[in-house]
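Below, each chain spelled out in residue letters.
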Amino acid sequence: MRFRHPDGSTVHLAYCTNVHPAETLDGVLAQLRDHCEPVRKRLGRDRLGIGLWLARDAARALAADPAAVRSLRGELDRRGLEVVTLNGFPYQGFGAEEVKYRVYKPDWADPERLGHTTELARLLVQLLPDDITEGTISTLPLAWRTDHPAPRAAAALDALRTLGHRLDALADLTGRSVRVGLEPEPGCVVETTRDAIAPLTAVGHERIGICVDTCHLATSFEDPGPALDALTAAGVPVVKAQLSAALHAEHPHLPEVREALAAFDEPRFLHQTRTATAAGLRGTDDLGPAVSGAALPDGAPWRAHFHVPLHAAPAPPLTSTLGVLTASLGRLVGGPRPLTRHLEVETYTWQALPPELRPRVRAQLTDGIAAELTLARDLLTDLGLKELP
């Protein structure tokens, strides 16, 4: 979906396909047929943007076969789909029964991460629509915090510098620019937008910036205004933004609240949980340790890294952080010039919701994704953006 910003530029809205667990090229093609095109039709649009997730095996298959890339591009066109952004954070196994800490491997100190991201950039320039000259990729925020000693930290920054040079060369060769954004996430070396400033300043490359995920921003209790202002002041570009909402518990000391939170404690993904105290953030790596004991103080609200559907906040006594998303969007694209032009709805946890909330058939998932995109579209038009055909 495309929107005209009041400054005349085009803002893109997509939904991320990491909600559909395909690891192979055949699986990606099936996603387009079974999920992406039905969402487009449900919205009644001629064109729908998707934030494509290409796992390692799918990316390698495409990189080894130029004809397969042309076929994928043709399939996108045929189904009324377009790609301007890729999700390069998960490397493989994102649809496994247990993902947890594995999603942070390989990290940016591992040559595999640089190689994979370079491959994605080279593929993206071939998948961009004919009238678009800039693509974006979101990526791991360096590493999980417990496995990043100084030599690995230095290697990670060197890898990002190398990536910057490769992106420059790609732009010179193709006339198309790809930018890559570190995506701050609770528990990682770069947990907050503030944490991103020093490493990205050290890298010092205009094609390497930040991807702001509004669920992660909320989970870390960051105020969108000051956070985005600090990035602007530091000269750190917002490459893309992921529109998502976290799980919020206003009164975590109450037994009924703990019980409601426990229903979201599931085995596939990490749900880092945080609370703001006078001494700073306190947190756990997952929701289970928070709800089962005294790992966190419970005199103030808790937020958990669980991407809840944008249009459907959990039932009381829980809610979502949709307000943080709305405030973030106002700062990102509501000003005289957008801070970013690539927006991506990223609710990958539909099948991790409590059983009674999960879509049971494909049509229910289609309806849910379409409803999220409709909400995002309405927020954008409320900010003065005009939806384009």
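Residues numbered from 1 in each chain as written. Predicted model: local features only at pLDDT ≥ 70, side-chain atom pairs only at ≥ 80, totals over all residues. Heavy atoms only, no water.

Novice: Report on the side chain of Arg176, specifying residues and quantitative values.
Specialist: As for its placement among the helices and strands, Arg176 is situated in the loop between α5 (150-174) and β6 (177-182). Although Arg176 is buried, it forms no salt bridge, and the closest oppositely charged side chain is Asp130 at an N-O distance of 4.6 Å. If we skip the residues at most four places from it in the chain, Arg176 touches Val125, Leu128, Pro129, Asp130, Ile132, Thr133, Leu170 and Ala171. (Helix = DSSP H or I, 4+ residues; strand = E, 2+ residues; numbered from the N terminus. Buried < 20%, exposed > 50% of the residue type's maximum accessible area, 1.4 Å probe, protein only. Lys, Arg positive; Asp, Glu negative; His and termini not counted. Salt bridge = Lys/Arg side-chain N within 4 Å of Asp/Glu carboxyl O. Contact = heavy atoms within 4.5 Å.)

Novice: Please set out the packing of aromatic side chains residue by residue, giving values where relevant.
Specialist: Centre-to-centre distance and the angle between the planes together describe a pair of aromatic rings. Enumeration according to the criterion identifies 8 aromatic pairs in this entry. Centre to centre, the rings of Phe269 and Tyr348 are 5.0 Å apart; their planes meet at 75°, and the pair counts as edge-to-face. Placement of Phe269 in the loop between α9 (255-262) and β10 (273-277) and of Tyr348 in the loop between β14 (342-345) and α12 (362-382) is noted, with a sequence separation of 79 residues between them. By the ring-pair criterion, three or more aromatic residues cluster together here, those being Trp53, Phe94, Phe269 and Tyr348. Its guanidinium or amino end placed over the ring of Phe221, Arg303 lies 4.4 Å from that ring's centre, counting from NZ or CZ. (Phe/Tyr/Trp six-rings, centres within 6.5 Å; stacked < 30°, edge-to-face > 60°. Lys NZ or Arg CZ within 6 Å of the ring centre and 35° of its normal.)

Novice: Describe in detail the nonpolar core, supporting the description with residues and values.
Specialist: Among the nonpolar cores identified, the biggest contains 111 residues, and Leu13, Tyr15, Ile50, Trp108 and Leu373 are the most heavily contacted of them. With 8 residues, α12 is the largest single contributor of residues to this core. Listed in part, the 6 residues of the second largest apolar core include Leu217, Ala218, Ala227 and Ala246. (Core = buried A, V, L, I, M, F, W, Y, C linked by side-chain atoms within 4.5 Å.)

Novice: Quick rundown of the layout of surface pockets? Include the residues and the values.
Specialist: As a volume, the largest pocket reaches approximately 320 Å³. If you go around the largest pocket, you meet 17 residues; those closest to its centre are Glu134, Arg179, Leu339, Thr340 and Arg341. Listing elements by their share of the lining of the largest pocket, those giving two or more residues are β2 (10-16) and α8 (224-234). Looking at the second largest pocket, its volume works out to about 260 Å³. Forming the walls of the second largest pocket are 18 residues, and the residues nearest its centre are Phe264, Ala313, Pro314, Ala315 and Leu357. Its residues placed into classes, the lining of the second largest pocket shows 16 nonpolar, 1 polar and 1 charged. (1 Å grid on protein atoms, 1.4 Å probe; cavity = no way out; pocket = protein on both sides within 12 Å on 5 of 7 lines; lining within 4 Å. Points joined across faces, edges and corners; volume = space filled by probe spheres on them. Nonpolar A, V, L, I, M, F, W, Y, C, P; charged D, E, K, R; others polar.)

Novice: Which residues make up empty space enclosed by the protein, and what values go with them?
Specialist: If a probe as big as a water molecule is rolled over the atoms, it shows which places are left empty. Following the criterion strictly, the structure yields 5 cavities of 30 Å³ or more and no others. Its volume calculated, the largest cavity comes out at about 180 Å³.

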